[in-house]
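# Working through the structure, step by step
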Amino acid sequence: ITIVDLYGNALCMDTIPLPYENTDAYYEQVASEIKNFISNQQYDADKILGISIATQGITSPDHSTVTYGTIMVNTGMNVVVFSSRLPWPCHLEHDSKSAASLELWNHPELDSAIVILLNRNLGGAIITDRHIHQGSTMHSGTLEHMCVNPDGPLCYCGNRGCLETYCSADALEQASGMPIPDFFHSLRKISRHTADTDTDEKKSSQISQIWEDYLNHLAFAMKNLNLIIDAPMILSGYLASFLTEEDTQYLLKQINAATPFPLRKEQILVGTYGQYTQAAGAALYYVETFLNTL
């Protein structure tokens with residue numbers, strides 16, 4: 001949950017672990033948590049413009065309904081389950097598109113871009129002419145289902161070898177057998193110290209290889225996306241906060257290997273909101289709607 005002011009600044013953030021269920025009890029609890037969050041921050045309820053909800057799932061063109069929600073099993077979820085329980089207007093948005101909204105806000109110089117949302121589940125969005133491209137059925141930018149290996153792991157969409165199965169945070173966690181913070185703690189420790197024993201050296205080698213494989217698959221996708229849309233790449237979301245300058249340099253080197261259309265260093269941008277990216281981006285819907293009335 002994130003509160004954003006009219007300047008686009010995230011004033012306060014919080015995370016509430018609550019597994020999704022398509023039940024009245026779940027929606028009641030979410031509504032209650034939202035109201036408590038606003039109340040605890042001592043904000044005037046009359047000054048809240050609206051509640052924008054970023055969800056894992058493609059939404060209908062009118063942003064009222066989830067039309068494809070395989071991950072959360074929330075296909076058919078309607079915004080009314082929230083708006084009927086809250087005293088403010090509510091808006092539903094695909095989390096990847098919300099992330100793109102935040103990057104558009106933070107980069108007013110950008111005309112076009114590809115946003116790669118490195119969350120628990122991978123996501124993406126395409127920006128052209130400073131607009132988020134939705135497509136005729138709202139699934140533009142779902143780069144997570146690009147096939148990078150037809151013989152690869154089974155994806156939740158039913159196909160094999162989707163980018164999701166290699167470059168989502170869940171995929172990285174599964175490959176390493178470690179929670180994400182622990183994985184990066186171990187990875188960065190490797191770069192600072194030499195292993196003390198053969199066992200430590202073997203483990204360090206495995207961790208380094210897992211990360212290299214991750215970056216290689218990400219670079220492969222970015223290289224191909226660059227051929228489709230000649231624009232900067234924005235790495236956003238949860239894992240973006242763990243990336244280092246060395247990582248982006250490695251990606252750039254892999255992307256530019258044997259290509260007639262290299263990317264420049266300044267064309268790889270890294271988001272700064274981490275796991276709150278989609279929440280902050282979603283909130284901007286009501287900020288921009290208000291500002292357009294002035």
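Residues numbered from 1 in each chain as written. Predicted model: local features only at pLDDT ≥ 70, side-chain atom pairs only at ≥ 80, totals over all residues. Heavy atoms only, no water.

### What about the layout of surface pockets?
Once rolled over the atoms, a probe with the size of a water molecule shows which space is left empty. Note the following rule: Space inside and on the surface of the protein is sampled on a 1 Å grid over the protein atoms alone, with a cavity defined as a set of points where a 1.4 Å probe fits but cannot get out and a pocket as an open set with protein on both sides within 12 Å along at least 5 of 7 lines; lining residues have an atom within 4 Å of a point. Grid points are joined across faces, edges and corners, and a volume is the space filled by probe spheres set on the points. The way it works is that DSSP assigns letters per residue, a run of H or I at least four long becomes a helix, a run of E at least two long becomes a strand, and they are numbered from the N terminus. The classification used treats Ala, Val, Leu, Ile, Met, Phe, Trp, Tyr, Cys and Pro as nonpolar, Asp, Glu, Lys and Arg as charged, and all other residues, Gly among them, as polar.
Roughly 1800 Å³ of internal volume is contained in the largest pocket. As for the largest pocket, its lining consists of 47 residues, of which Ile1, Thr2, Asp14, Ala54 and Ala279 are closest to the centre. At the level of secondary structure, the elements contributing two or more residues to the lining of the largest pocket comprise β1 (2–4), α1 (24–40), β3 (51–55) and α9 (277–291). Partitioned by chemical class, the residues of the lining of the largest pocket number 31 nonpolar, nine polar and seven charged.

### Looking at the packing of helix α3 (residues 95–106) against α9
Note the following rule: Axis definition: a line fitted to C-alpha atoms, limited for helices to the stretch in contact. Angles are taken between N-to-C directions and run from 0 to 180 degrees. Handedness of a crossing is defined here by the sense of rotation of the near helix relative to the far one, left-handed for an anticlockwise turn of less than a right angle and right-handed for a clockwise turn. Throughout, a contact is declared for two residues whenever any of their heavy atoms are within 4.5 Å.
Remark: α3 packs on α9, axes separated minimally by 7 Å, with the N-to-C direction vectors making an angle of 65°. Handedness of the crossing formed by α3 with α9: left-handed. Where α3 approaches α9, its residues Asp95, Ser98, Ala99, Ser101, Leu102 and Trp105 are matched on the opposing element by Thr277, Gln278, Ala280, Gly281, Ala282, Leu284, Val287, Glu288 and Leu291. Taken together, the residues of the contact of α3 with α9 break down into eight nonpolar, five polar and two charged.

### Some words on α9
As a reminder of what qualifies: To estimate the expected span of a helix, subtract one from its residue number and multiply by 1.5 Å. Only protein chains enter the accessibility calculation, which uses a 1.4 Å probe; a residue is then buried when its area is under 20% of its type maximum, exposed when over 50%, and partly exposed in between.
With 15 residues, α9 extends 21 Å from end C-alpha to end C-alpha; this agrees with the ideal 21 Å at 1.5 Å per step. Taken together, the buried positions of α9 are occupied by Thr277, Gln278, Ala280, Gly281, Ala282, Ala283, Leu284, Tyr286 and Val287. Looking at the packing, one finds that the buried side of α9 touches β1, β3, β6 (90–94), α3, β7 (113–118) and β10 (233–236).

### As for the pairing of β3
Heads up, the condition is: DSSP-based pairing: two strands are paired if at least 2 bridges between them are found.
Along β3, four of the five residues are buried, which leaves the element largely enclosed by surrounding structure. Bridge count for β3 against β6 is five bridges, and the pairing is parallel. Along β6, the bridge assignment pairs Ser52 with His91.

### A closer look at empty space enclosed by the protein
A complete count under the given rule lists one cavity of 30 Å³ or more for this structure. Empty space within the largest cavity amounts to approximately 150 Å³. Forming the walls of the largest cavity are 17 residues, and the residues nearest its centre are Gly57, Ile71, His94, Glu144 and Tyr156.

### With respect to the confidence of the model for the protein chain
We apply this condition: The predictor rates its confidence in each residue with pLDDT, a number between 0 and 100.
Counting all residues, the mean pLDDT for the protein chain is 94, and 97% of those residues have values of 70 or more. Of all the helices and strands in the protein chain, helix α6 (residues 180–192) carries the lowest mean pLDDT, 89, while helix α4 (residues 164–167) carries the highest, 98.

### A look at a nonpolar patch on the surface
Put simply, the rule reads: Exposure above 30% relative accessible area and no salt bridge define the residues that can form patches, which grow by joining like charges within 9 Å and nonpolar side chains of Val, Leu, Ile, Met, Phe, Trp and Tyr within 5 Å. In short, Shrake-Rupley with a 1.4 Å probe defines the accessible areas, and a residue's cover is counted only from the protein chains shown. Here, a salt bridge means any side-chain nitrogen of Lys or Arg that lies within 4 Å of a carboxyl oxygen of Asp or Glu.
Taken together, the side chains of Leu6, Leu49, Phe290, Leu291 and Leu294 define a hydrophobic patch exposed on the protein surface, amounting to about 430 Å² of accessible area. Turning to its location among the elements, Phe290 is positioned in helix α9.

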